[in-house]
Amino acid sequence: MLYRPDFESIIPRMEAWWRGELLDRACIYVTAHNGKPRREITAPPTLLERWTNQDYRLDAAEAQMETTYYAGEAVPVFWPNLGPDMFSALLGGEIEFREDTSWVAPFLDWDKPVPFEINKDSFEWKWLMEMYGRLAERARGRYFIAAPDCHSGGDALLAMRGGTSLCMDLYDRPADVLAAMGKLEKAVVEFHAAQWKPIEASGQRGHTSAWLRTWSPKRSQAVQLDLLALISPEMFKEFFLHELEVQCSVVEQTIFHLDGPDAIKHLDLVCTLPVRAIQWVHGAGHGPMTKWLPLLKDIQSRGKGLHISCESGEVETLLKELSSKGLYMATWASNRDEADALVKLAAKHAHE
């Protein structure tokens, strides 16, 4: 692979991680600048073009890969992405773009129901399929292609209704919410089924879990429900758990994205899902990662793998305190030597 020539060296360790086994050390994803000057890519003049111009998006991503050193289990990845609410846009929403994110404005009126079906005539779907077609040759032998961020199920309904409205719906219109979730389950199955063939057209070996960039020998994706911060475990179980089970059933290897302190109360139910690992994100203002060692050890004690991102200065403490078995850390370094040193720390502190 052009941007990671020794890619195959990570395969045995990552295969062991997905099996819940320890090969020789914890998995660690480290990137750094490789010292090469980055070629200049001229950005389009409008915000919309900076999001949707495929030549620009690909050129910019490849320019970054060209100047990135990938150490440990890090691999170069590109995923076609129009923001976290892209799934909701495929169901009829309109994406509002900002420089660093995008969202769909609420549009669902229960008195004017929508079909909850993916619109394959939509701009977003055509954009996605066209991008896959270009990537099949462009990425071949150079980097991985991943499926886009998929905020389906409850998070899609959250985007379609808005947070306050959806929370009230759980009390006032539970039958409507349950009916919508049943239709959204069918939509997410269709969404995932459509991704794999165009991704695999590049001939890449294995897959990566979208924005997590975690290599897998099988079809893989991150699953999530950011709505968890707003609801009780009882509501999670009644309305939204089954859709996550459906997601896990159509993707061979999954990681659950557990986001923020308000989501911790749902850990028991999350651990009933057939996910290989849990990614813990403490959220802005709630760091550092070492603050959460009791929670991280709790997750490991439940037999789930652990995926965390941290500052490079936290790596050694976390490696010492946590079991290397099932541990996957993501961090960054300022140069190649520092990146390699972090990987050596993972080997030095390997233990069950």
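See above for the structure.
Calculation criteria
Note that residues are indexed from 1 along each chain, following the sequence as it is written. In keeping with the predicted nature of the model, local features appear solely for residues at pLDDT of at least 70, side-chain atom pairs appear and are counted solely at 80 or more, and the whole-chain, interface and lining totals rest on all residues. Calculation of side-chain values draws on the structure's entire complement of heavy atoms; hydrogens and water are dropped beforehand. Partly exposed residues are those whose accessible area sits between 20% and 50% of the maximum for their type, while under 20% is buried and over 50% is exposed, using a 1.4 Å probe and protein chains only. Helix numbering and strand numbering both begin at the N terminus, where a helix is a DSSP run of H or I of at least 4 residues and a strand a DSSP run of E of at least 2. Starting at the helix axis, one direction is taken to each C-beta atom, and the arc is that of these directions. Here a residue-residue contact requires only that any non-hydrogen atoms of the pair lie within 4.5 Å. The criterion for an aromatic pair is that two Phe, Tyr or Trp rings (for Trp, the six-membered ring) have centres within 6.5 Å, with stacked assigned to planes under 30 degrees apart, edge-to-face to planes over 60 apart and tilted to the rest. The term salt bridge refers to a side-chain nitrogen of Lys or Arg lying within 4 Å of a carboxyl oxygen of Asp or Glu. Each pair of strands is called paired provided DSSP finds at least two bridges between the two strands. The convention used is that axes are lines fitted to C-alpha atoms, helices contributing only their stretch in contact, and that angles between N-to-C directions extend from 0 to 180 degrees. As used here, the term nonpolar core means buried Ala, Val, Leu, Ile, Met, Phe, Trp, Tyr and Cys residues forming a set that is joined through side-chain atoms within 4.5 Å. Criterion for a disulfide: a pair of cysteine sulfur atoms within 2.5 Å.

Enquirer: Explanation requested: helix α11 (residues 293-301) in the structure shown.
Expert: The periodicity of an α-helix, 3.6 residues per turn, causes residues three or four positions apart to be oriented the same way. Taken together, the buried positions of α11 are occupied by Leu293, Leu295, Leu296, Ile299 and Gln300. Within α11, the buried residues cover an arc of 160 degrees as seen down the axis, which keeps them to one side. The outward face of α11, more than 90 degrees from its buried face, is lined by the exposed residues Pro294 and Ser301. Contacts from the buried residues of α11 go to α10 (267-270), β11 (277-281), β12 (305-309), α12 (315-321) and β13 (327-332).

Enquirer: Could you clarify how one ought to interpret the packing of aromatic side chains in this entry?
Expert: The description of an aromatic ring pair rests on the distance of the ring centres and on the angle between the ring planes. Evaluated as defined, the whole model comprises nine aromatic pairs. Arranged with centres 5.1 Å apart and planes meeting at 35 degrees, the rings of tryptophan 51 and phenylalanine 97 form a pair that is tilted. Taken as a pair, tryptophan 51 in helix α2 (residues 47-52) and phenylalanine 97 in strand β4 (residues 95-97) lie far apart in primary sequence, 46 residues in all.

Enquirer: Explain the pattern of salt bridges to me, please; I cannot follow it from the model alone.
Expert: Should their charged atoms come close, side chains of opposite charge can pair. In this structure the tally under the stated criterion is 21 salt bridges. Put simply, glutamate 200 and arginine 219 hold a salt bridge, and the shortest N to O gap is 2.9 Å. Note that glutamate 200 is positioned in helix α8 (residues 174-200) and arginine 219 in the loop between β8 (215-216) and β9 (220-224), a separation of 19 residues in sequence.

Enquirer: Which parts of the structure should I look at to understand the sheet that holds β9?
Expert: Two pairing modes exist for strands in a sheet, parallel and antiparallel, and in both the strands are linked by backbone hydrogen bonds. Pairing is mixed in the open sheet, where seven strands are placed in the order β2-β1-β13-β12-β11-β10-β9. Of all the strands in the sheet, the pair left with one neighbour each is β2 (68-72) and β9. In this sheet, neighbouring strand axes are inclined to one another by 20 degrees on average, regardless of whether the strands run parallel or antiparallel. Where β12 meets β13, four bridges bridge the pair, whose relative direction is parallel. Looking across to β13, one finds that histidine 307 is bridged to tyrosine 328. In the packing of helix α1 (residues 11-19) onto the sheet, contacts are made with β1 (27-33), β9, β10 (253-259), β11, β12 and β13, and the angle to β10 comes to roughly 70 degrees.

Enquirer: Would you explain the nonpolar core in this entry?
Expert: Soluble globular proteins tend to pack their nonpolar side chains together in the buried interior. In this structure, Leu157, Phe236, Phe240, Leu296 and Ile308 are the most contacted members of the largest nonpolar core, which totals 75 residues. With residues near it in sequence (within four places) discarded, leucine 157 still touches Leu108, Trp110, Phe116, Gly162, Leu166, Val177, Ala180, Met181 and Leu184. With 48 residues, the next largest nonpolar core counts Tyr3, Met14, Met86 and Val251 among its residues.

Enquirer: How do you make sense of the state of the cysteines when you look at a structure like this?
Expert: If you walk through the whole model with that rule in mind, you get zero disulfides. In this structure cysteine 248 is not part of a disulfide, and its nearest cysteine sulfur, from cysteine 150, lies 12 Å away. Given the relative accessible area of 8%, cysteine 248 is considered buried. Free of any disulfide, cysteine 271 has its nearest cysteine sulfur in cysteine 248, 12 Å distant.

Such coordinate-based values are descriptive only and should not be taken to indicate function.
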